[in-house]
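Architecture and fold: a report
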Amino acid sequence: MKKIAILTSGGDAPGMNACVRACVRYAIAKDVDVYGVERGYVGLLNNKINFMSTRSVSDIVHRGGTILKTARCPEFIDVEYQQQAAETLQAYGIDSLIVIGGDGSFRGAKDLSDNCGINVVAIPATIDNDLDYTDFTIGFDTSVNTVLNAINNLRDTMGSHDRVSLLEVMGRKCGDIALYAALAGGAEFCLTPEVPYNIDEIAKTLVKSRKRGKTSNMIIFAEGAGDRDEICRRLEDHTGLSVKTTTLGYVQRGGSPTMADRVLASRMAVKAVDLMIEGKTNRAIGVKDNNIFDMDISEALAFEHRFNHELYKVMNILAR
Ligand code: ADP
Ligand code: F6P
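These figures come from a predicted structure and were not determined experimentally. (Residues numbered from 1 in each chain as written. Chains lettered and ligands numbered in written order. Predicted model: local features only at pLDDT ≥ 70, side-chain atom pairs only at ≥ 80, totals over all residues. Heavy atoms only, no water.)

What follows concerns the site of ligand 1. Not every one of the 15 residues close to ligand 1 is listed here, only the nearest: Arg72, Cys73, Gly102, Asp103 and Ser105. For ligand 1, an oxygen atom lies 3.0 Å from a polar atom in the backbone of Gly102. Separating an oxygen atom of ligand 1 from a side-chain N or O atom of Ser105 is a distance of 2.5 Å. Protein chains bury 81% of the 550 Å² of accessible surface belonging to ligand 1 in isolation. Applying the majority rule of atoms within 2 Å of the grid points places ligand 1 in the largest pocket. For the shell around ligand 1, the element with the most residues is helix α4 (residues 103-116), which contributes six residues. Residues of the shell around ligand 1, tallied by class, amount to four nonpolar, seven polar and four charged. (Near = heavy atom within 4 Å. Polar contact = N/O pair within 3.5 Å; in protein donor to acceptor, adjacent residues only side chain to side chain. Areas by Shrake-Rupley, 256 points an atom, 1.4 Å probe, with all protein chains shown as cover. 1 Å grid on protein atoms, 1.4 Å probe; cavity = no way out; pocket = protein on both sides within 12 Å on 5 of 7 lines; lining within 4 Å. Sits in = over half its atoms within 2 Å of the grid points. Helix = DSSP H or I, 4+ residues; strand = E, 2+ residues; numbered from the N terminus. Nonpolar A, V, L, I, M, F, W, Y, C, P; charged D, E, K, R; others polar.)

Below you can see the structure in the form of structure tokens.
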């Protein structure tokens, strides 16, 4: 009987549970035994590996977070620990591992394959959408929808006080959450790490918008886009308007996954299990033009950062 293990690693993302559920149930349907590793690579080092049944993943498809728990495991960059992890898997008769996580987790997976001979398939799950080989990562859609709810709430209160709202969203060095939320939320400005911006110009546009009769404004600010407090201070100085900052924080990493994330997670899981059954290794699952595909993990990680500048232009046109 073939045995595979699954772990979730790095920052959690809504839809990880839907992915775990699909991996477990699809593998069992294909006569494969499945084991869940607790807390990512930490669980491989601490021998936290549990047999999973179809019932182990009941009632989780709609839940954010990850029932397998997740963790960061800094020592895993060291080959000595990777070998310890591989030995743990081998002790259970497991030769194949599905890793669900972001780029750091992908690097750990690749090392387990390259240095220790474990067959690995990696599934992209991070709210940041910063894995450039794939159109979308699991969790991104849910996160943007959470930001949209926050924008709706902020509009109510900012409009009542004639204020400018600056909403900081996550994403590390990637501006995708900010861009998609700004476009879908009808924001007027979107500050991201990928596009240079001029605060004086933004201040002028804000003042003009007030002259045209606008009474409140929405700016979406990606966390990697610069010094937020300095930007706020300068905007207030240059416009005389009241600029109120909201940092959404971890709220945007939790919550029930959207249909899009649940379906994406399930489709990617099926592909990953099929590859494991075929005995493939070092494969990253992605989605391109709504088709699920796989490619070499090293090639996937080597993609240059992409940003949808066309969509950014559209966002700006629609904002005026
Ligand atoms: P994410 O997977 O969300 O990008 P991290 O960057 O924190 O999150 O990575 C998750 C874990 O993956 C790390 O705590 C570490 O255990 C492992 N990892 C990250 N980078 C490497 C690497 N270069 N080699 C081996 N393991 C790594
Ligand atoms: O990668 C997901 C993410 O939520 C980023 O958007 C954010 O910068 C980071 O993780 C926060 O990480 P931590 O959980 O270590 O605070």
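Taking 1.5 Å per residue as the helical rise, helix α5 (residues 140-161) with its 22 residues ought to reach 32 Å, and the 31 Å between its terminal C-alpha atoms agrees with that figure. Phe140, Thr142, Ser143, Val144, Thr146, Val147, Leu148, Ala150, Ile151, Leu154 and Met158 are the residues of α5 that are buried. The positive-phi residue at the C-terminal boundary of α5 is Asp162, with phi of around 55°. (Expected span 1.5 Å × (residues − 1). Buried < 20%, exposed > 50% of the residue type's maximum accessible area, 1.4 Å probe, protein only.)

Right, let's get into the sheet that holds strand β7 (residues 189-191). Strand order in the open sheet formed by four strands is β7-β8-β6-β9, and the pairing between neighbours is parallel. Each edge of the open sheet carries a strand with a single partner, namely β7 and β9 (243-247). The average angle at which neighbouring strand axes cross in this sheet is 20°, direction not considered. By the bridge criterion, three bridges tie β7 to strand β8 (residues 217-222) in an arrangement that is parallel. Among the inter-strand pairings, Cys190 is bridged to a residue of β8, identified as Ile220. Sitting on the sheet, helix α8 (residues 228-239) is in contact with β6 (164-169), β7, β8 and β9, with an inclination near 160° to β9. (Pairing = 2+ DSSP bridges. Axes fitted to C-alpha atoms, helices over the stretch in contact; angles between N-to-C directions. Contact = heavy atoms within 4.5 Å.)

Along helix α11 (residues 309-319), the positions that sit buried rather than exposed are Tyr312, Met315 and Ala319. End-on view of α11: buried residues confined to an arc of 60°, all on one side of the axis. Opposite the buried face of α11, at more than 90 degrees from it, the exposed residues are Glu310, Ile317 and Leu318. Buried-residue contacts for α11 involve α6 (176-185) and β7. (Arc of directions from axis to C-beta.)

Scanning all chains against the criterion turns up 21 salt bridges. Of the charged contacts in the structure, one is a salt bridge between Asp128 and Arg172, with a shortest N-O distance of 3.6 Å. Of this pair, Asp128 sits in the loop between β5 (119-124) and α5 while Arg172 is found in the loop between β6 and α6, placing the two residues 44 residues apart along the sequence. Given a relative accessible area of 7%, Asp128 falls into the buried group. (Salt bridge = Lys/Arg side-chain N within 4 Å of Asp/Glu carboxyl O.)

Time to look at the layout of surface pockets. By volume, the largest pocket amounts to about 620 Å³. Forming the walls of the largest pocket are 29 residues, and the residues nearest its centre are Gly10, Gly11, Arg72, Gly104 and Arg172. Of all the elements, α4 adds the most residues to the lining of the largest pocket, at six residues. In this structure, the lining of the largest pocket is formed jointly by two domains, domain 1 (3-139 + 257-301) and domain 2 (142-253), each of which donates at least three residues. (Points joined across faces, edges and corners; volume = space filled by probe spheres on them. Domains from an automatic or database assignment.)

This part takes up the side chain of Arg210. Along the polypeptide, Arg210 turns up in helix α7 (residues 199-211). Side-chain polar atoms of Arg210 contact the side chain of Asn217, separated by 2.8 Å. Look past the residues within four positions of Arg210 in its chain and what remains in contact with it is Asp162, Arg163, Val164, Thr215, Ser216, Asn217 and Leu241.

Domain assignment breaks the protein into domain 1 (3-139 + 257-301) and domain 2 (142-253). A C-alpha centroid distance of 35 Å is found between domain 1 and domain 2. Counting residues at the interface gives 14 residues for domain 1, matched by twelve residues for domain 2. Between domain 1 and domain 2, the buried area comes to about 1,100 Å², and carbon and sulfur atoms account for 49% of it. The interface formed by domain 1 and domain 2 contains two salt bridges. Scanning the region where domain 1 abuts domain 2 turns up six residue pairs in polar contact (both at pLDDT 80 or more). Of the residues that constitute the side of domain 1 that touches domain 2, the class distribution is five nonpolar, four polar and five charged. (Buried area = accessible area lost by both parts, 1.4 Å probe.)

Our next topic: the pairing of strand β2 (residues 33-37). Counting buried positions over the five residues of β2 gives five, a clear majority of the element. Covered by surrounding structure in β2 are Asp33, Tyr35 and Val37 together with Val34 and Gly36, the residues of both alternating faces. Pairing geometry for strand β1 (residues 3-8) and β2, over four bridges, is parallel. Within β2, the residue paired with Lys3 across the bridge is Asp33. The parallel pair β1 and β2 is bridged by helix α1 (residues 16-29), and the resulting crossover is right-handed. As paired strands, β2 and strand β3 (residues 49-52) are joined by four bridges and run antiparallel to one another. Of the residues in β3, the one forming a bridge with Tyr35 is Phe51. (Right-handed = clockwise from strand over helix to strand, strands pointing away.)

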